[in-house]
Amino acid sequence: MDNKKFYVTTPIYYPSDKLHIGHTYCTVATDVLARYHRLLGEDVMFLTGTDEHGQKIEEKAKEAGVTPQEFVDRIVEGPRGVRDLWKLMNISNDRFIRTTDDYHVKAIQYIFRKMHENGDIYKGAYKGKYCTPCESFWTESQLKDGCCPDCGRPVKDAEEEAYFFRLSKYADKIRDLLENTDFLEPRSRVHEMVKNFIDPGLEDLCVSRTSFSWGVPVDFDPGHVVYVWVDALSNYITALGYGNDRYDDYDKGWWPGVNIVGKEIVRFHSIIWPAMLMSLGEPAPKKCFGHGWLLLDGGKMSKSKGNVVDPYILAEQFGVDALRFFLMRTFPFGSDGNFSNELLIQTINTDLANDLGNLVSRTTAMAGKYFGGTLPTARSYDKEKDDELVSLVLGLREKYEDAMEHYAPHKALEEIFKVIQRANKYIDENMPWALAKDMEANGPRLASVLYHLLEATRICGILLTPFMPQRMEKLFEQIGAEENCRTWLSASMWAALDADVTVTKGENLFPRVDMDKALEELEAAVEAARQAESGVELEPQNPEKVDFDTFCKSDFRAVKVKACEAVKKSDKLLRFTLDDGTGTDRQILSGIHKWYEPETLVGKTLVAIVNLPPRKMMGLESNGMLISAVHKEKGEECLHLLIVDDAIPAGAKMC
Ligand code: ME8
């Protein structure tokens, strides 16, 4: 095996929005690729990180009342932040870059200076439109109905002294790169880029800003900060050591690498980024693959739309590997796909619990039941019954490799599951339970059947490892596959398992998920997370049922506050004199002084339960109780009296 170098990157996450399942999709896909190339025996460098500068982050930090650095530190390094999520999702990145890292900042200044010195960056005045959420400049002609063509939101007029990058100079070379090489994939994106950006004429790009300061300062012209995309895109080479001495891997065969990106940022990665590299005299990336979006109810997820799906909650509920698998199995990598919890649960149940889980548990259970866990070496091969399965299993690695090399992990999984389904059918065809009825006559045949099933499982397990590394480790333990039977090489070899292999029936690898129960639990987890985020804590609902007649005995009435005063010597109690519609004043004491000044309540219509037995407090009688809404916010108790419409007459019954 040669030690080819494979450098793969996922776009560095922009921490102004909540991390959601779409970001996770992109990073998991890149992780699967990285793990696949490691499985091939290649030297892999996998980079991810965070893109931490720009106006939007400056604004968000201001809203949050913290400095931009504090803001990004919290989101990147804080609890349930970016680093935590990638750790949870078992992302095997070798390096993590933050664009606020000193070495990166210095390298950006070097890159900007170099492009300025070679005449590709010049000073001018920028007049145009700017989309703050996307941190993108647009010309009038690029707008869609006057709005940002990427996100559809309104743009702002922008005019300031600025530096420009001579992007126009590279138009022909970029066209050539797009049209005449296989740099950009899927090919449909090539057409999109050429038609939308190259054909209308590439315009020079504004690459510095003076109206805010959260960015890399242009060192030869203080007051200018480098455009956030120039800063962010360069991470792919600064993280290898380009323009800095923190790392020295740039010239060691890692560059050019493969960039896996979402479709909305293909323009930056397939036009601006290669042009910057051309200006620096460096090679363009080997590949830019633009994957599709995960959609929710047909639209892109975003925090501002409130429709983000929290990967933490899904991973905690269904397991990291099941979630990783679902993302790669369900959505063809280059296209958009509709996410839903139901689809996730169905995929777990069909593919993992039914197909793969059953194959493993039936096979190991039968090996245990019929042979005490260790297969005897006497065998009986039945050409007619076995050939098809064996050749299908042996042909799998090639089909899988072809799919993975073409950035089609969903196809690779499709091939694996064809084999798994075939293996399950093989169990039904060979009916081991029938063979077991006469062990003396059928023992060798039964051992063969089980061995074939173990071999099929082993090879599928190897090829599934990049997708579900932790679960496959357990699977190998259960089927008795030692390290030497888990390699890429052994995935094309039949009979790599010892002939007298010992299996262990362990935990159920993929338990079946009860759809209704899981959906209910998800809803509760989402609500709890929402509360935790907002700091709101609600009293849990009482599961105990009250029968209707008992409920009806409670007499709730509208009551009007005639007078209200603080009770002497008490810091809590207020004394209410209420009109309850009976013509006789009612007195109720309520411990709510902490939340209300008594005079503010006079004249209000409240709700009280009026048939509680009288109670004495501080020597005064209370006849009933006022109804309030209570919750906790950031640990503090909050209370709001139920104040109802003044049009409701005193004494009206609530039912
Ligand atoms: O774009 N479905 O960062 P980002 C699939 N900082 N992928 C999605 C998605 C969805 N619903 N939503 C987001 C940035 N993504 C820049 C990158 S690189 C020099 C700078 C993907 O946090 C998105 O397409 O907005 C991108 O690939 C990644 O998540 C990070 O998005």
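Sequence positions are assigned chain by chain, starting from 1 and proceeding in written order. In keeping with the model being predicted, local features are shown solely for residues with a pLDDT of at least 70 and side-chain atom pairs are shown and tallied solely at 80 or more, while totals for entire chains, interfaces and linings include all residues. In computing side-chain values, all of the structure's heavy atoms are included and hydrogens and water are not.

## Some points on the domain arrangement of the protein chain
Then, in step 1: Looking at the protein chain, the domain boundaries give domain 1 (5-100), domain 2 (340-492) and domain 3 (548-644).
Then, in step 2: As used throughout, domain bounds are those supplied by an automatic or database domain assignment. The C-alpha centroid of domain 3 is placed 52 Å from the C-alpha centroid of domain 1.

## Overview of helix α5 (residues 102-117)
Then, in step 1: The end-to-end C-alpha separation of α5 is 23 Å, in line with the 22 Å expected for 16 residues at 1.5 Å each.
Then, in step 2: When we look at burial in α5, the residues that qualify are Y103, H104, V105, A107, I108, Q109, I111, F112 and M115. Secondary structure elements are taken from DSSP: a helix is a run of H or I of four residues or more, a strand is a run of E of two residues or more, and numbering for both begins at the N terminus. A helix is expected to span 1.5 Å for every residue after the first. Burial here depends on accessible area, computed with a 1.4 Å probe over protein chains only, as a share of the maximum for the residue type. Under 20% is buried, over 50% is exposed, and the range in between is partly exposed.

## Section: the environment of A275
Then, in step 1: Positionally, A275 belongs in helix α11 (residues 266-280).
Then, in step 2: Residue class for A275 comes out buried when judged on its relative accessible area of 0%.
Then, in step 3: When the C-alpha positions of A275 and I174 are compared, they lie 6.9 Å apart, and in sequence the two are 101 residues distant.
Then, in step 4: Contacts are assigned to residue pairs with any non-hydrogen atoms lying within 4.5 Å of each other. Beyond its immediate chain neighbours, meaning those up to four positions away, A275 contacts F165, L167, Y170 and I174.

## Side note on the sheet that holds strand β16 (residues 536-537)
Then, in step 1: Judged by pairing direction, the sheet is antiparallel, and its 3 strands sit side by side in the order β16-β24-β25 without closing on themselves. Strands with a single pairing partner mark the edges of an open sheet, and in this sheet they are β16 and β25 (636-641). Note on pairing: two strands pair once DSSP finds at least 2 bridges between them.

## Digging into the packing of aromatic side chains
Then, in step 1: Side-chain rings of Phe, Tyr and Trp (the six-membered ring for Trp) are treated as a pair once their centres are within 6.5 Å; stacked means planes under 30 degrees apart, edge-to-face means over 60, and tilted covers the remaining angles. Tallied over the full model, the rule gives 25 aromatic pairs.
Then, in step 2: Ring geometry for Y25 and F331: centres 6.3 Å apart, planes at 90°, overall edge-to-face. With Y25 in helix α1 (residues 21-39) and F331 in the loop between α13 (320-330) and β15 (337-338), the pair connects residues that are 306 residues apart, well separated along the chain.
Then, in step 3: A relative accessible area of 4% means that F331 is categorised as buried.
Then, in step 4: Where Y236 meets W273, the ring centres are 6.0 Å apart and the plane angle is 55°; that geometry is what we call tilted. Of this pair, Y236 sits in helix α9 (residues 235-238) while W273 sits in helix α11; the two residues are 37 residues apart in sequence, bridging distant segments of the chain.
Then, in step 5: Look at W273 and you get buried, because its relative accessible area is 0%.
Then, in step 6: Chaining the aromatic ring pairs together yields one cluster made of Y7, Y110, Y236, Y242, Y250, W255 and W273.
Then, in step 7: Note on criteria: charge over ring means Lys NZ or Arg CZ within 6 Å of the ring centre, with the direction from the centre no more than 35 degrees off the ring normal. Residue placement shows R83 over the ring face of F96; its charged tip is 4.2 Å from the ring centre.

## Let's talk about the nonpolar core
Then, in step 1: Working definition of a nonpolar core: buried Ala, Val, Leu, Ile, Met, Phe, Trp, Tyr and Cys residues. They are joined through side-chain atoms within 4.5 Å. Core analysis: the largest hydrophobic core is formed by 108 residues, its most contacted members being L327, L356 and I416.
Then, in step 2: If one sorts the elements of this core by residue count, helix α18 (residues 439-464) sits on top with 13 residues.
Then, in step 3: Residue assignment places this core across two domains, with domain 1 (5-100) and domain 2 (340-492) each supplying three or more.

## Thoughts on the pairing of strand β18 (residues 574-579)
Consecutive side chains of a regular strand alternate in pointing toward one face of the sheet and then the other.
Then, in step 1: Of the two faces of β18, only the one carrying L574, F576 and L578 is buried; R575, T577 and D579 on the other face are not.
Then, in step 2: Pairing of strand β17 (residues 556-566) with β18 involves 6 bridges; the strand directions are antiparallel. Bridge pairing in β18 links A563 to T577.
Then, in step 3: Bridge analysis of β18 against strand β19 (residues 585-590) gives 6 bridges, and the strand direction is antiparallel. The residue bridging T577 from the neighbouring strand is Q587, located in β19.
Then, in step 4: Hairpin connection from β18 to β19: 5 residues lie between these consecutive antiparallel strands, with G581 at a positive phi of about 85°.

## Notes on unusual backbone geometry
Then, in step 1: Here E185 and P186 are connected by a cis peptide whose omega angle stands at -10°.
Then, in step 2: Within the element layout of this structure, P186 appears in the loop between β7 (184-185) and α7 (187-198).
Then, in step 3: Note that the residue after W255, namely P256, is joined by a cis bond; omega there is 0°.
Then, in step 4: Relative to the helices and strands, P256 is located in the loop between α10 (250-254) and β11 (258-262).
Then, in step 5: Positive phi is not limited to glycine here, since E135 has a value of about 50°.
Then, in step 6: Structurally, E135 can be placed in the loop between β4 (121-131) and β5 (136-138).
Then, in step 7: We note that D145 has phi near 50°; this positive angle belongs to a residue other than glycine.
Then, in step 8: Note on placement: D145 falls in the loop between β5 and β6 (156-165).

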